[in-house]
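Descriptive analysis of the structure
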Amino acid sequence: MWFDDVTWVRNDLAMTYYHLGDIQSCRKVLASLESDARTWEGIDEAELVGDKYRLLPMMKATLFNLKLCGANSR
């Protein structure tokens, strides 16, 4: 699925910016993923089936990276 590839690349790029100390670019790269990732907060893995179960690690990584980059922290 193209979404998987694009999301992982965005997360990897964001972490590269984070490690380079470029927090603004880190936030910018993750901005388009934030609303989708936020919908996954607190989801129980037992509730997921099929594609949704496969997407969970990607969304968890995105949420973690958003926190590192300070993007609209909650």
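Below or above, wherever it landed, is the structure these notes cover. (Residues numbered from 1 in each chain as written. Predicted model: local features only at pLDDT ≥ 70, side-chain atom pairs only at ≥ 80, totals over all residues. Heavy atoms only, no water.)

A word on the state of the cysteines
Put simply, the test is: A pair of cysteine sulfur atoms is labelled a disulfide when the two atoms are within 2.5 Å. For helices the rule is a DSSP run of H or I covering at least 4 residues; for strands it is a run of E covering at least 2, with both sets numbered from the N terminus onward. Burial classes: relative accessible area under 20% of the type maximum marks a residue as buried, over 50% as exposed, and values in between as partly exposed (1.4 Å probe, protein chains only).
Counting across every chain of the model gives one disulfide. The disulfide that involves Cys-26 links it to Cys-69, with 1.5 Å between the sulfurs. Residue Cys-26 is located in helix H2 (residues 23-38), and its partner Cys-69 is located in helix H3 (residues 51-69); the two are separated by 43 residues in the primary sequence. Assessed through its relative accessible area of 0%, Cys-26 is described here as buried. Here Cys-69 falls in the buried class, since its relative accessible area comes to 1%.

Quick notes on the environment of Asp-4
Threshold: By definition in these notes, contact holds between two residues if any of their heavy atoms fall within 4.5 Å.
For Asp-4, the location among the structural elements is in helix H1 (residues 2-20). Distance from Asp-4 to Glu-41, taken between C-alpha atoms, is 18 Å for residues 37 residues apart in sequence. Setting aside chain neighbours within four positions, we find Asp-4 in contact with Arg-54, Leu-55 and Met-58.

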